[in-house]
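# Remarks on the overall topology
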Amino acid sequence: MVTLTVNGKSISVDVPPDTPLLWILRDSLHLHGTKFGCGIGQCGACTVHLDGEAQKSCQIPASAAAGKKVLTIEGLSSNGNHPLQRAWVAEQVPQCGYCQSGQIMRAASLLKKHPRPTDQEIDEVMSENLCRCGTYQRIRQAIHRASGQVIA
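Residues numbered from 1 in each chain as written. Predicted model: local features only at pLDDT ≥ 70, side-chain atom pairs only at ≥ 80, totals over all residues. Heavy atoms only, no water.

### Regarding the layout of surface pockets
In plain terms, the rule: Only protein atoms enter the calculation, which uses a 1 Å grid: trapped sets of points that fit a 1.4 Å probe without letting it out are cavities, open sets showing protein on both sides within 12 Å along at least five of seven lines are pockets, and any residue with an atom within 4 Å of a point is a lining residue. Grid points are joined across faces, edges and corners, and a volume is the space filled by probe spheres set on the points. Residues are grouped as follows: Ala, Val, Leu, Ile, Met, Phe, Trp, Tyr, Cys and Pro are nonpolar; Asp, Glu, Lys and Arg are charged; every other residue, Gly included, is polar.
For the second largest pocket, the calculated volume is near 200 Å³. What lines the second largest pocket is simply F36, G37, C43, A45, C96, Y98, C99, L130, C131, R132 and C133. Looking at side-chain class alone, the lining of the second largest pocket contains 9 nonpolar, 1 polar and 1 charged residues.

Next up, the structure:
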């Protein structure tokens, strides 16, 4: 049994200790906003916050998540009205949209540390997440749009 806090709620799940956090979120808790992309920690589609830090959930075993606070895209804003989510829409970032929850979670972590990031800071941090559609310029614009508005 693994106990952790997901989006502010304490939960316990009966999974093997090596079960990736991604599968706990998707299969056990039915939180499907966090996506499976590659399963090897390369793409970032599965990015969530673990104790406030952006992490690739496909690489976090249940045993390492035990007792931690997990924030998913569903927990970022109850109504999709987070400044980053609004900026994503305003800048028309998504094309296919598959990577976007991971991108937004990585960007939220960035803005928590650097409320007014430079292009270089954005590019460096966001390079952990891949966008197969190539919307990197719009992602950068959305982060700039949201900067200063984000309340972590």
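Let us keep going from here.
### Re unusual backbone geometry
Put simply, the rule is: What counts as a helix is a DSSP run of H or I of at least four residues, what counts as a strand is a run of E of at least two, and both are numbered from the N terminus.
The phi angle at N7 is positive, at roughly 55°, despite the residue not being glycine. Even without glycine at this site, H30 takes up a positive phi of about 60°. Tracing the backbone shows H30 in the loop between helix 1 (21-28) and strand 3 (47-50).

### Points about the sheet that holds strand 1 (residues 2-6)
The test is simple: Should DSSP find at least two bridges between two strands, the strands are taken to pair. Under this scheme, a helix contributes an axis fitted over its contacting stretch, all axes are lines through C-alpha atoms, and angles between N-to-C directions fall in the 0 to 180 degree range. Throughout, a contact is declared for two residues whenever any of their heavy atoms are within 4.5 Å.
Strand order across the open sheet formed by 5 strands is 2-1-5-3-4, with mixed pairing between neighbours. The open sheet terminates on both sides in strands that have one partner only, identified here as strand 2 (9-13) and strand 4 (53-56). Each strand axis lies, on average, 40° off the axis of its neighbour in the sheet, ignoring direction. In this structure, strand 1 lies alongside strand 5 (residues 69-71), joined through 2 bridges in parallel fashion. Looking at strand 5, one finds that V6 is bridged to V70. In the packing of helix 1 onto the sheet, the strands contacted are strand 1, strand 2, strand 3 and strand 5, and the crossing angle to strand 3 comes to about 105°. Most of the contacts of helix 5 (residues 100-113) go to strand 3, to which it runs at about 40°, and overall it touches strand 3, strand 4 and strand 5.

### Describing the packing of aromatic side chains
Formally: Side-chain rings of Phe, Tyr and Trp (the six-membered ring for Trp) are treated as a pair once their centres are within 6.5 Å; stacked means planes under 30 degrees apart, edge-to-face means over 60, and tilted covers the remaining angles. Burial status follows relative accessibility: with a 1.4 Å probe on protein chains alone, a residue under 20% of its type maximum counts as buried, one over 50% as exposed, and anything between as partly exposed.
Considering all chains together, one arrives at 1 aromatic pair under this definition. Where W23 meets F36, the ring centres are 5.3 Å apart and the plane angle is 35°; that geometry is what we call tilted. Of this pair, W23 sits in helix 1 while F36 sits in the loop between helix 1 and strand 3, and the two are 13 residues apart along the sequence. The class of W23 is partly exposed, set by a relative accessible area of 29%. Overall, F36 belongs to the partly exposed group, its relative accessible area being 33%.

### Observations concerning the pattern of salt bridges
As a reminder, the rule being used: Criterion for a salt bridge: a side-chain nitrogen of Lys or Arg within 4 Å of a carboxyl oxygen of Asp or Glu.
A complete count under the given rule lists 5 salt bridges for this structure. For the salt bridge of R140 with D123, the shortest nitrogen-to-oxygen distance reads 2.8 Å. Taken as a pair, R140 in helix 7 (residues 136-146) and D123 in helix 6 (residues 119-126) lie far apart in primary sequence, 17 residues in all. Relative accessible area serves as the criterion here: at 37%, D123 is assigned to the partly exposed category. Where salt bridges share partners, they join D119, D123 and R140 into one cluster.

### Comments concerning the packing of helix 4 (residues 83-90) against helix 5
Put simply, the test is: These descriptions rest on fixed angle ranges, namely under 35 degrees for roughly parallel, over 145 for roughly antiparallel, 65 to 115 for roughly perpendicular, and the rest for oblique. Handedness of a helix crossing follows the sense of rotation of the near helix relative to the far helix, less than a right angle counterclockwise being left-handed and clockwise being right-handed.
Contact pair helix 4 / helix 5: the axes reach a minimum separation of 10 Å and the direction vectors enclose 125°. In terms of axis orientation, helix 4 runs oblique to helix 5. In terms of crossing hand, the pair formed by helix 4 and helix 5 is right-handed. Between helix 4 and helix 5, the residues in contact are L84, Q85 and W88 and Q100, Q103, I104, A107, A108 and L111, respectively. For the contact of helix 4 with helix 5, the residue count by class is 6 nonpolar, 3 polar and no charged.

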